[in-house]
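# Commentary on secondary and tertiary structure
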Amino acid sequence: MSKKLAIIATKGTLDWGYPPFILASTAAALGYDVQIFFTFYGLQLLKKKINVKVSPLGNPGMPMPMGMDKWFPVIGTAIPGMQAVMTKMMKAKMKSKGVASLEDLRDLCVESDVKIIACQMTVDLFDMNHSDFIDGIEYGGAAMFFEFAGEADITLFV
């Protein structure tokens, strides 16, 4: 019997999109049985076209170039377009370091048989449609996820 990893993904920003996919794909490569339950803002990561940004408000500890980390969370969010600039900078940094895109990591998870569950309650709450999301995912509620998570060796909330 293989080990089990259960992940709950609730964040829908560029920087918070990486942990569930990296952890899930790595665990799957190591032979774990993996499920990710995407709820609330985490559902943004399951849309056909991922269009997420970096939000310094949600992560004041974000390291920024040129000492920007001292003032960006305060003034940077007040300047129109700065969130888009920071997103572009983060994507460029990741690409220069050879980090896969969120789409590539998500595809890797699907190819690695990671079970991806979209929270149906949240889909209904935000008036989303199943057609908004990638193929190959399942829809269910917390009870569906707990069936797996209740027996998991590791459960993570990211």
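Report on the accompanying structure.

Conventions and cut-offs
Residues numbered from 1 in each chain as written. Predicted model: local features only at pLDDT ≥ 70, side-chain atom pairs only at ≥ 80, totals over all residues. Heavy atoms only, no water. Helix = DSSP H or I, 4+ residues; strand = E, 2+ residues; numbered from the N terminus. Buried < 20%, exposed > 50% of the residue type's maximum accessible area, 1.4 Å probe, protein only. Contact = heavy atoms within 4.5 Å. Areas by Shrake-Rupley, 256 points an atom, 1.4 Å probe, with all protein chains shown as cover. Salt bridge = Lys/Arg side-chain N within 4 Å of Asp/Glu carboxyl O. Core = buried A, V, L, I, M, F, W, Y, C linked by side-chain atoms within 4.5 Å. Expected span 1.5 Å × (residues − 1).

What follows is about the overall build of the chain. Check the secondary structure of the chain and you find 6 helices and 5 strands. Burial status across the chain gives 41% buried among its 158 residues. Restricting the contact set of the chain to residue pairs at least 6 apart, pairs at least 24 apart contribute 75%. By element, 59% of the accessible surface of the chain is carried by carbon and sulfur atoms, the whole surface being about 8,800 Å².

Looking now at the pattern of salt bridges. On inspection of all chains with the given rule, the structure shows 2 salt bridges. For the salt bridge of Lys4 with Glu151, the shortest nitrogen-to-oxygen distance reads 3.2 Å. A residue pair is termed long-range when its members are at least 10 positions apart, and Lys4 in strand S1 (residues 4-9) and Glu151 in the loop between helix H6 (142-149) and strand S5 (154-157) qualify at 147 residues. As a salt-bridge pair, Lys115 and Glu138 come within 3.6 Å of each other at their nearest N and O atoms. Of this pair, Lys115 sits in strand S3 (residues 115-119) while Glu138 sits in strand S4 (residues 138-140); the two residues are 23 residues apart in sequence, bridging distant segments of the chain. Given the relative accessible area of 27%, Lys115 is considered partly exposed.

Grouped together as the largest cluster of nonpolar side chains are 31 residues, with contacts concentrated most on Phe21, Ile36, Phe38, Leu43, Leu46, Leu102 and Val114. Listed by contribution, the elements that provide at least two residues to this core are S1, helix H1 (14-29), strand S2 (33-38), helix H4 (102-111) and S3. Setting aside chain neighbours within four positions, we find Leu46 in contact with Phe38, Arg106, Ile116, Ala118, Asp132, Phe133, Ile134 and Ile137. By size, the runner-up hydrophobic cluster in this structure holds 9 residues, among which are Ala6, Cys119, Phe148 and Ala152.

Turning our eyes to something else, we now look at the environment of Leu108. In this structure, Leu108 sits in helix H4. In this structure Leu108 comes out as partly exposed when scored by relative accessible area, which is 37%.

The subject of this paragraph is helix H3 (residues 82-96). Given 3.6 residues to a turn, an α-helix orients residues that are three or four positions apart in the same direction. In this model, H3 (15 residues) spans 21 Å end to end at C-alpha, consistent with the 21 Å of a helix rising 1.5 Å per residue. A positive backbone phi angle near 75° is found at Gly98, which sits one or two residues after H3.

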